[in-house]
Amino acid sequence: MNVRAHIDAVHAQIRRRDPGEAEFHQAVTEVLSSLAPALERHPEYVDTGIVERLCEPERQLTFRVPWVDDDGAVRVSRGFRIEFSSALGPYKGGLRFHPSVNLGIVKFLGFEQIFKNALTGMAIGGGKGGADFAPRGRSDGEVMRFCQSFMTELHRHVGEQTDVPAGDIGVGAREIGYLFGQYKRITNRFEAGVLTGKPVAWCGSPARAEATGYGTVYFAQEMLATRGHGFDGRRVVVSGCGNVAIHAIEKSHALGGRVVACSDSSGYVVDEDGIDVELLKEVKEVRRARVAAYAQSKPTARFSARGTVYGLPCDIALPCATQNELDREDAVALVKNGVLAVAEGANMPCTPEAVRLFHEAGVLFGPGKAANAGGVATSALEMQQNAAREQWSFEQTESRLADIMRTVHSQCRETAEDYGGTPDDYVLGANIAGFLRVADAMSAQGVV
Ligand code: NDP
Ligand code: 2IT
C-alpha cells in the first residue's frame, strides 16, 4: 500500500473511533505527519500494521475515585491510566491531577510518552494517567484521602515490572508519598520501584525533581551551540511556575542567562532583576500561593493578569506550563522580537500554527518529546537505583542526565538529516528516531 494512503487510513480510523479527543488527534497528527520517509524505507512496518497498533493503547482504564472532603461531603472524581505501549519496557509515565483531565488529554500524553521514552534509550514503555481532581485549595487531608482512594483502584494495575507512574501537573512529592503509602499498605510490599519521583530521603533519585527543567535547558543549550550561541547574557522567558518551570529557571541562571518572567494560570510576573528562584520556591512549594504573591514580596517585580510572557522581548523561550498555551499570536510576537530558540519543557505547549511559524522563521525549536525527556529519563535512573538498592550522588545522576540530553539532541539531528530533512528539523528527527526504536521492538515481538 502507498505510504501516504496508509497514514491517511490510520488517521481516518482514529477520527471515526475516537471522536472528540482533540488533543489526542493533535498529537497523532504531529507524529504521523513525520513518518512517511521512515515507512518508505521500512515497508515491513506498513505490512505489519505497526502505526495502526501504536495508535491504539494496549489497555485503557477509567475508574471511579470516591473521597470525602473536609466538610464530610462525598465527592466523585474520575481516574485514568492509559497503558499505551510496553514494546520497550514497563509502561512508564506520570499522573496528572487537574480539573481539565479527560480521556483525550491522557491519551495524548500517553502517546507522546511512547516516543519520548524511546528517545531516552532506556528500557521504558509509554503510559500516562491522572484524574480530574484539583489539588489547588484542598487541605493535605483531602489530598491524602483522594490519593488513597485513587491508589485503592490503581494498585491492581501497576507494579515495578508492569506499570510505573510518576508525577505531572498537580502531582509532586506530596502526592507520590500518599500514593506510595497506600500501595504499600494494600500490597504489603515495600516495592520502591513502583513509583518514581519519590523524595530523596526514601528511595527517590537525586536530581529527579530538577531533571525535567534542567534537561530542557541542556537541550536548548545544545540547540543554541549549533549556531554558536549559549545562555550566557541571554534574556529568557519561562511559562508556568511549577516543578518544570522552577528548575528550568534555576539552570538558565546557572548557565548565565537571565529569566525575566514566569507565570501561572492567573497571569505572569516580570522581574528585570532576574526571577529569584528561592523566593519562587517558597511561594509555590511552601506557601502553595499564586504567582502574584511573588510580586508582592519583591519590589523589582510586577504582576500582570493580562497577556503572556511571550509578549516580552527575549532570546530564549521555555514554555513549561501546559498544552497549547503558546499560540499563533505568541509565536508572532516572539519571532518579531528575534527569539533564537524555543524548547518545550511542557508537553505540546506550542500549537501547530506556532510551530510552523518558528520553522518558517528559522527559530530553533525543540519539541517536548525530546526537550523534556530528561524527567522520565531520570525516572528510569531512579528505577535502576531502586532495583540495585542503591542511591547515587546528585553529581553522578545529573551527569547521566546531561549525557542523555546530549544524546537525544544529536539523535534528533542525525535522524532528521538521514531521512531527508535539515538537521535543525528536531520535530522530524524526534518523531522518526522514537518511532524506529519502538517499531523495531514491535516487529521482533510479533503481532501482540
Ligand atoms: P506543576 O503542577 O508543578 O506546574 C504546572 C504549572 O503550569 C503551574 O504553574 C500551573 O499554573 C501551570 N498550568 C497548568 N495548567 C495550566 C493551564 N491550563 N493554563 C495555564 N497554566 C497552567 O506541573 P509540572 O511543572 O510538573 O508540569 C508542567 C508541564 O511539564 C506539563 O505539561 C507536564 O506534562 C510537563 N512535564 C512534566 C514533567 C515532570 O517531570 N514533572 C516531565 C515532562 C513534562 P496553575 O497553578 O495556575 O494551574
Ligand atoms: O511527561 C513526562 O515525561 C512526565 N510527566 C514524567 C514521567 C515520568 O515517568 O517520570
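Preceding block: the structure.
Every value quoted in this text rests on a predicted model; they were computed, and no experiment measured them.

A.B. asks: Just to check I follow, could you spell out the packing of aromatic side chains for this structure?
C.D. replies: For any pair of aromatic rings, the description consists of the separation of the ring centres together with the inter-plane angle of the planes. Tallied over the entire structure, the rule returns 17 aromatic pairs. Between Tyr-45 and Phe-435, the aromatic rings sit 5.9 Å apart at their centres with planes inclined by 85°, giving edge-to-face as the arrangement. In this pair, Tyr-45 is assigned in helix 4 (residues 43-47) and Phe-435 in helix 18 (residues 426-444), connecting sequence segments 390 residues apart. On the basis of relative accessible area, Phe-435 is assigned to the buried category, the value being 0%. Between Phe-97 and Phe-133, the aromatic rings sit 6.1 Å apart at their centres with planes inclined by 85°, giving edge-to-face as the arrangement. With a gap of 36 residues between them, Phe-97 in strand 3 (residues 91-97) and Phe-133 in the loop between strand 4 (126-131) and helix 7 (140-154) connect regions that are remote in the sequence. Among the residues examined, Phe-97 registers a relative accessible area of 1% and is labelled buried. Cluster of aromatic residues (ring-pair linked, three or more members): Phe-63, Trp-67, Phe-97, Phe-133, Phe-146 and Phe-150.

A.B. asks: Sorry, what's going on with empty space enclosed by the protein here?
C.D. replies: Over the atoms, a rolling probe the size of a water molecule traces out where space has been left empty. Counting across every chain of the model gives 1 cavity of 30 Å³ or more. Of the voids in this model, the largest cavity is the one considered here, and its volume is about 50 Å³. The wall of the largest cavity is formed by Val-10, Gln-13, Ile-14, Arg-17, Asp-18, Glu-52, Cys-55 and Glu-56. Here the lining of the largest cavity takes 4 residues from helix 1 (residues 3-17), the largest share from any one element. Of the residues in the lining of the largest cavity, the class split is 3 nonpolar, 1 polar and 4 charged.

A.B. asks: Explain the packing of helix 2 (residues 22-32) against helix 6 (residues 103-119) to me, please; I cannot follow it from the model alone.
C.D. replies: Between helix 2 and helix 6, the shortest axis-to-axis distance is 7 Å and the interhelical angle comes to 25°. Judged on the interaxial angle alone, helix 6 and helix 2 are roughly parallel. In this structure, helix 2 contributes Glu-23, Phe-24, Ala-27, Val-28, Glu-30 and Val-31 to the contact, and helix 6 contributes Gly-104, Ile-105, Lys-107, Phe-108, Phe-111, Glu-112 and Phe-115. Across the contact of helix 2 with helix 6, the residue classes break down as 8 nonpolar, 1 polar and 4 charged.

A.B. asks: Help me out: how do you make sense of the environment of Leu-279 in this one?
C.D. replies: Among the structural elements, Leu-279 can be located in helix 11 (residues 277-286). Taking the relative accessible area as the measure of exposure, Leu-279 reaches 14% and is therefore buried. A C-alpha to C-alpha distance of 7.0 Å links Leu-279 and Tyr-294, two positions 15 residues apart in sequence. Residues within four places of Leu-279 in sequence aside, it is in contact with Arg-287, Tyr-294, Ser-297 and Lys-298.

A.B. asks: Would you mind showing me how to read the layout of surface pockets here?
C.D. replies: In this model, the second largest pocket occupies a volume close to 350 Å³. In terms of lining residues, the second largest pocket is bounded by 20 residues, among which Glu-30, Pro-352, Val-355, Phe-365 and Val-427 are the most central. At the level of elements, helix 2, helix 14 (352-361), helix 15 (368-371) and helix 18 are the ones that each hand at least two residues to the lining of the second largest pocket. Along the lines of polarity and charge, the residues of the lining of the second largest pocket split into 8 nonpolar, 7 polar and 5 charged.

A.B. asks: Honestly, the side chain of Glu-382 in this entry has me stumped. Any pointers?
C.D. replies: Within the fold, Glu-382 resides in helix 16 (residues 373-388). There is a polar contact of 2.7 Å between the side chain of Glu-382 and the side chain of Lys-198. Discounting chain neighbours no more than four positions away, the residues touching Glu-382 are Leu-195, Thr-196, Gly-197, Lys-198, Cys-203, Gly-204, Ser-205 and Arg-208.

A.B. asks: How do you make sense of the site of ligand 2 when you look at a structure like this?
C.D. replies: Every one of the 14 residues lining ligand 2 counts as a neighbour, but Lys-92, Gln-113, Lys-116, Lys-128 and Ser-379 are closest to it. Here an oxygen atom of ligand 2 sits 2.7 Å away from a polar atom, N or O, in the side chain of Lys-92. A distance of 2.7 Å separates an oxygen atom of ligand 2 from a polar atom in the side chain of Lys-116. Calculation on ligand 2 without its partners gives an accessible area of 300 Å², and the protein chains cover 94% of this total.

A.B. asks: Is there a simple way to explain the environment of Pro-313 in this structure?
C.D. replies: Its place among the elements puts Pro-313 in the loop between strand 9 (301-304) and strand 10 (316-319). Spatially, the C-alpha atom of Pro-313 lies 7.9 Å from that of Gly-338, the residues being 25 residues apart in sequence. With near-sequence residues (within four places) excluded, Pro-313 lies in contact with Arg-235 and Asn-337.

A.B. asks: I would appreciate a short explanation of the pairing of strand 2 (residues 74-85) in the present structure.
C.D. replies: In terms of strand pairing, strand 1 (residues 59-68) meets strand 2 through 10 bridges, oriented antiparallel. Across the sheet, residue Arg-59 finds its bridge partner in strand 2, namely Glu-83. A loop of 5 residues connects strand 1 with strand 2, the two strands running antiparallel in sequence, and Gly-72 in this loop sits at a positive phi of about 90°. The sheet contact formed by strand 2 and strand 4 spans 6 bridges and is antiparallel. Paired with Ile-82 across the bridge in strand 4 is Lys-128.

Rules and cut-offs
- Residues numbered from 1 in each chain as written.
- Chains lettered and ligands numbered in written order.
- Predicted model: local features only at pLDDT ≥ 70, side-chain atom pairs only at ≥ 80, totals over all residues.
- Heavy atoms only, no water.
- Phe/Tyr/Trp six-rings, centres within 6.5 Å; stacked < 30°, edge-to-face > 60°.
- Helix = DSSP H or I, 4+ residues; strand = E, 2+ residues; numbered from the N terminus.
- Buried < 20%, exposed > 50% of the residue type's maximum accessible area, 1.4 Å probe, protein only.
- 1 Å grid on protein atoms, 1.4 Å probe; cavity = no way out; pocket = protein on both sides within 12 Å on 5 of 7 lines; lining within 4 Å.
- Points joined across faces, edges and corners; volume = space filled by probe spheres on them.
- Nonpolar A, V, L, I, M, F, W, Y, C, P; charged D, E, K, R; others polar.
- Axes fitted to C-alpha atoms, helices over the stretch in contact; angles between N-to-C directions.
- Parallel < 35°, antiparallel > 145°, perpendicular 65-115°, else oblique.
- Contact = heavy atoms within 4.5 Å.
- Polar contact = N/O pair within 3.5 Å; in protein donor to acceptor, adjacent residues only side chain to side chain.
- Near = heavy atom within 4 Å.
- Areas by Shrake-Rupley, 256 points an atom, 1.4 Å probe, with all protein chains shown as cover.
- Pairing = 2+ DSSP bridges.

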